[in-house]
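Working through the structure, step by step
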Amino acid sequence: MPIAPLPPGSSADAPTGGFFRRWVGIATALGAAVVLLDILVVRPQCPKDTVRPGCFAVVGDALGLLSMARLLSWGKFFISPALYELAGGIEAPFVGKPPALVGYMGAVLWLSERPLVVQALIVMVVGAAVAWVFRNRWKHPARRVAEVAVPILVVVSFLADRPTMLARVATSAVALLAIPAVAMVGRRLADERVGVVAAFLVALAPAVWVNASMLTVESLYIVALPMVLLATLRAFDSPTTARYAQLGAAMMVLSFTRLEGAAVVLALLVGLVITNHRTERIGRRVGPAVMALMIVVVPLVGWSTMNAMRQGRNAGVSPGGGSVLWSGACDEVVYGELRGFWTLCPVEETIKEPVVLTEAVDDAIGMTGYAEKVLDPNNESLSRALDRPARSSSTPLVTSEGVRAEYARVMGRLPDGRRGVGIWVDGRPVGDPDMMLQPGDFLQVGPNALSGFSEAEMDAGAGVRAIRYYKERPKELPMLAAARVGRAVGAYRPVQTVRLDSLVEGRGAWQPWAAMVFWWASLPLAVMGWLRLRGRRPLWPFGTLSIVVIGTVAISLGIPRYRLGLDVVACVLAAVPIAAWIGRRWPATGPTLSEQLAAEPETVESSAET
């Protein structure tokens, strides 16, 4: 017998009660306190150009995204921060990651640089628009918007000269929306008590508050996921055009946040078509799903087309898949101590037969014409290597000096004193394109960010190298995938994974341990919640999301932050047995799930048969 949706008039569709609003508000305040404690006390920003445990260092993805956001706030639309900083301000198209986070941080930083009067005017206009949209759902919408808008204006003005801190606070503020979002998912799935418990679990979950201020896409992803789950459950219970439109909007945000969002979108829409038992007509099942899909696809296609036009080749929503694959395509990650994790895999090979340097380099790096371009003395970007831009995207505490020093080290110095281009033979930088390599020579190539190739071309080359490496080792792939999933869920080398999450990923000294313990504590409770709800409410959206997350980890990298979708699922389902335990000691505050399903049995049965 198919699982029936909630009957019309169920408490999930009714306005939220005072109990729910009050306790979700307390949970959100608790989450805000935890995040502020993390930002100001536990992990304050590291001193200038310092990377050490106990503080937050803006490096790696965070440095690239923050630099792009600062450049965007100056009107420089999605350009390469590396090329801008390392080649005297050259502006080359670049995306790096799906654009939602950079666009959001760029807007906040842009607002902070405007005069106070302009800031106030913009906040008033946006606030008025929000109040008008929710005028029929909120009491005193203008007052409620003002209660939020005034603190925003104060924070933006106060932190205007501290862009890194402002960006951390801004991303954390968005991440805190995950608390009420997850609460609504729990309420929709079961009842208000489950929603409240889920809200407190998310507020305390280290995977949430640690990622909230890391300046990476996870701070938006943690909000987009429960929004999509909530919209999916709402569409399942009542497949109206409006609810499918809301689902499409939530899915669009998710797809512009992380690349695997597109897979989540397709899987959930297919699931809704299959489980829509309100009608047997395939057209009525597929039509709303296609509408939701178009809400996602049209902006994605438009963005991808613009990227292709700017970069001269298909770049998709954001290049990066090839680089991710290459980060796991070397012996140290496949066989060695870092099995299943990631590292900066080197481009190197031992020459087997006589070959010209340029041919060997192109073959090693997977890009035709690469060697000729980087060895060209007239290459514009290389001729300006390490020149400083007129206006740097660096901040008082976050500079590009570490990146500049690493670039100079990887490129090396030729015997005549000229700067190398990242091509090394037997440990010596070389620059003669006509050089003949002999069997036994050891070739190393450092992919040069200033080569003149586009971001999409460099990423495609990384993908070619990764696929070639994996094709030579097909028997290792199943065990590698298992090791990646094991690392992400804490089942394979958990102690080493936690240490790597601390040292390599930069998530604090003890925070990765807290995240691992919280995950393992919530997992059995989540299984209990799954068993309790099985056959009573639709759990396939949570199973679908879990499968997509595990599949993504298996084909990419075994990083704990890639498990974030499972953390959301665990918090919602773990709230079910905890709420049941609480319910045996305190009376219910509203209709429970069993009462809702039993309230109108005739309605439920007829809706399932329609």
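Residues numbered from 1 in each chain as written. Predicted model: local features only at pLDDT ≥ 70, side-chain atom pairs only at ≥ 80, totals over all residues. Heavy atoms only, no water.

A separate point is the overall build of the protein. On a plain count of helices and strands, the protein comes out with 28 helices and six strands. Since a compact globule built from 610 residues should have a radius of gyration of about 25 Å, the 26 Å found for the protein is in line with a globular shape. With the C-alpha coordinates of the protein rotated into their principal frame, the extents come out at 85 × 60 × 45 Å. The buried share among the 610 residues of the protein stands at 52%. (Helix = DSSP H or I, 4+ residues; strand = E, 2+ residues; numbered from the N terminus. Rg over C-alpha atoms; globule rule 2.2 N^0.38 Å. Buried < 20%, exposed > 50% of the residue type's maximum accessible area, 1.4 Å probe, protein only.)

Moving on: the sheet that holds strand 4 (residues 428-429). Spatially, the four strands line up as an open sheet ordered 1-6-3-4, and their pairing is antiparallel. Each edge of the open sheet carries a strand with a single partner, namely strand 1 (347-350) and strand 4. (Pairing = 2+ DSSP bridges.)

We now examine the packing of aromatic side chains. Counted according to the given criterion, the structure contains eight aromatic pairs. Taking 6.0 Å as the distance between ring centres and 55° as the angle between the ring planes, the aromatic pair formed by Trp209 and Trp510 counts as tilted. Placement of Trp209 in helix 10 (residues 206-212) and of Trp510 in the loop between helix 23 (494-503) and helix 24 (511-533) is noted, with a sequence separation of 301 residues between them. Its relative accessible area of 9% is what places Trp209 among the buried residues. Ring geometry for Tyr370 and Phe453: centres 5.9 Å apart, planes at 25°, overall stacked. Here Tyr370 is found in helix 18 (residues 370-374), whereas its partner Phe453 is found in the loop between strand 6 (442-445) and helix 21 (455-471), with 83 residues between them in sequence. Each member of the pair, Tyr370 as well as Phe453, is classed as buried. (Phe/Tyr/Trp six-rings, centres within 6.5 Å; stacked < 30°, edge-to-face > 60°.)

Glancing now at the environment of Met528. Here Met528 is to be found in helix 24. Put simply, Met528 and Thr240 are 288 residues apart on the chain and 32 Å apart in space, counted from C-alpha to C-alpha.

Bringing the packing of helix 17 (residues 357-365) against helix 21 into the picture now. One can describe the packing of helix 17 onto helix 21 by two numbers: an axis separation of 8 Å at closest approach and a directional angle of 80°. Taken together, the axes of helix 17 and helix 21 are roughly perpendicular relative to one another. Judged by residue contacts, Asp363, Ala364 and Ile365 of helix 17 engage Gly461, Arg465 and Arg468 from helix 21. Residue classes in the contact of helix 17 with helix 21 are distributed as two nonpolar, one polar and three charged. (Axes fitted to C-alpha atoms, helices over the stretch in contact; angles between N-to-C directions. Parallel < 35°, antiparallel > 145°, perpendicular 65-115°, else oblique. Contact = heavy atoms within 4.5 Å. Nonpolar A, V, L, I, M, F, W, Y, C, P; charged D, E, K, R; others polar.)

The first and last C-alpha atoms of helix 13 (residues 261-275) sit 21 Å apart over 15 residues, in line with the 21 Å expected at 1.5 Å per residue. All buried positions along helix 13 are accounted for by Gly261, Val264, Val265, Leu268, Leu269, Gly271, Leu272, Val273 and Thr275. On its buried side, helix 13 packs onto helix 11 (218-237), helix 12 (241-255), helix 14 (282-311) and helix 25 (540-555). (Expected span 1.5 Å × (residues − 1).)

Next up on the list: a nonpolar patch on the surface. A contiguous nonpolar patch, built from Ile282, Val286, Val290, Met294 and Val298 and spanning about 420 Å² of accessible area, is present on the exposed surface. The exposure class of Val286 is partly exposed, given its relative accessible area of 32%. (Patch = residues over 30% accessible without salt bridge, like charges linked within 9 Å, V, L, I, M, F, W, Y side chains within 5 Å. Areas by Shrake-Rupley, 256 points an atom, 1.4 Å probe, with all protein chains shown as cover. Salt bridge = Lys/Arg side-chain N within 4 Å of Asp/Glu carboxyl O.)

Looking at the protein as a whole, its pLDDT mean stands at 87, while 92% of the residues score no less than 70. Ignoring residues within four places in sequence, the model shows residues 597-610, a span with pLDDT below 50, making 18 contacts including any to other chains. (pLDDT = per-residue confidence, 0-100.)

The next subject is the pattern of salt bridges. Counted according to the given criterion, the structure contains 21 salt bridges. Between Glu218 and Arg258 there is a salt bridge whose closest N-O contact spans 2.6 Å. Residue Glu218 is located in helix 11, and its partner Arg258 is located in the loop between helix 12 and helix 13; the two are separated by 40 residues in the primary sequence. With respect to burial, Glu218 and Arg258 carry one shared label: buried.

Another aspect to go through is the state of the cysteines. A full pass over the atoms with the stated rule returns two disulfides. The residue that forms a disulfide with Cys330 is Cys345, at a sulfur-sulfur distance of 2.1 Å. Between Cys330 and Cys345, the S-S dihedral sits near -60°, and the bridge is therefore left-handed. Taken as a pair, Cys330 in the loop between helix 15 (321-326) and helix 16 (331-334) and Cys345 in the loop between helix 16 and strand 1 lie far apart in primary sequence, 15 residues in all. Sequence-ordered numbering of the bonded cysteines in the protein gives a disulfide pattern of 1-2, 3-4. (Disulfide = S-S within 2.5 Å.)

This paragraph deals with helix 21. For helix 21, spanning 17 residues, the distance from its first C-alpha to its last is 24 Å, which sits close to the expected 24 Å at 1.5 Å a residue. Turning to helix 21, its buried residues number three or more, namely Glu455, Ala456, Met458, Asp459, Gly461, Ala462, Gly463, Arg465, Ala466, Tyr469 and Tyr470.

On to the side chain of Arg258. Judged by its relative accessible area of 6%, Arg258 falls in the buried class. The residues contacting Arg258, other than those within four sequence positions of it, are Pro98, Val217, Glu218, Tyr221, Arg561 and Tyr562.

Despite not being glycine, Phe78 shows a phi value in the positive range, around 45°. The phi dihedral of Arg493 falls on the positive side, at around 45°, and the residue is not glycine. Residue position: Arg493 is located in the loop between helix 22 (477-489) and helix 23.

Moving on to the packing of helix 25 against helix 26 (residues 564-583). Packing of helix 25 against helix 26 brings their axes to within 9 Å, and their N-to-C directions diverge by 155°. Classified by the interaxial angle, the pair formed by helix 25 and helix 26 is roughly antiparallel. Considering only the axes of helix 25 and helix 26, their crossing is left-handed. Counted together, Phe542, Leu545, Ser546, Val549 and Ile550 of helix 25 and Gly565, Leu566, Val569 and Val572 of helix 26 form the full contact between these two elements. Residues that form the contact of helix 25 with helix 26 fall into these classes: seven nonpolar, two polar and no charged. (Left-handed = near helix turned anticlockwise from the far one by under 90°.)

Moving on, we come to the pairing of strand 6. Along strand 6, the buried face is formed by Leu443 and Val445; none of Phe442 and Gln444, which line the opposite face, is buried. Pairing geometry for strand 1 and strand 6, over four bridges, is antiparallel. Bridged to Glu348 within strand 6 is Gln444. Pairing of strand 3 (residues 423-425) with strand 6 involves three bridges; the strand directions are antiparallel. Counted as the bridge partner of Val425 is Leu443 from strand 6.

With that settled, the discussion passes to the environment of Thr368. Residue placement: Thr368 occurs in the loop between helix 17 and helix 18. Classification of Thr368 as exposed rests on a relative accessible area of 77%. Placed 344 residues apart in sequence, Thr368 and Val24 show a C-alpha to C-alpha distance of 57 Å. The residues contacting Thr368, other than those within four sequence positions of it, are Asp362 and Phe453.

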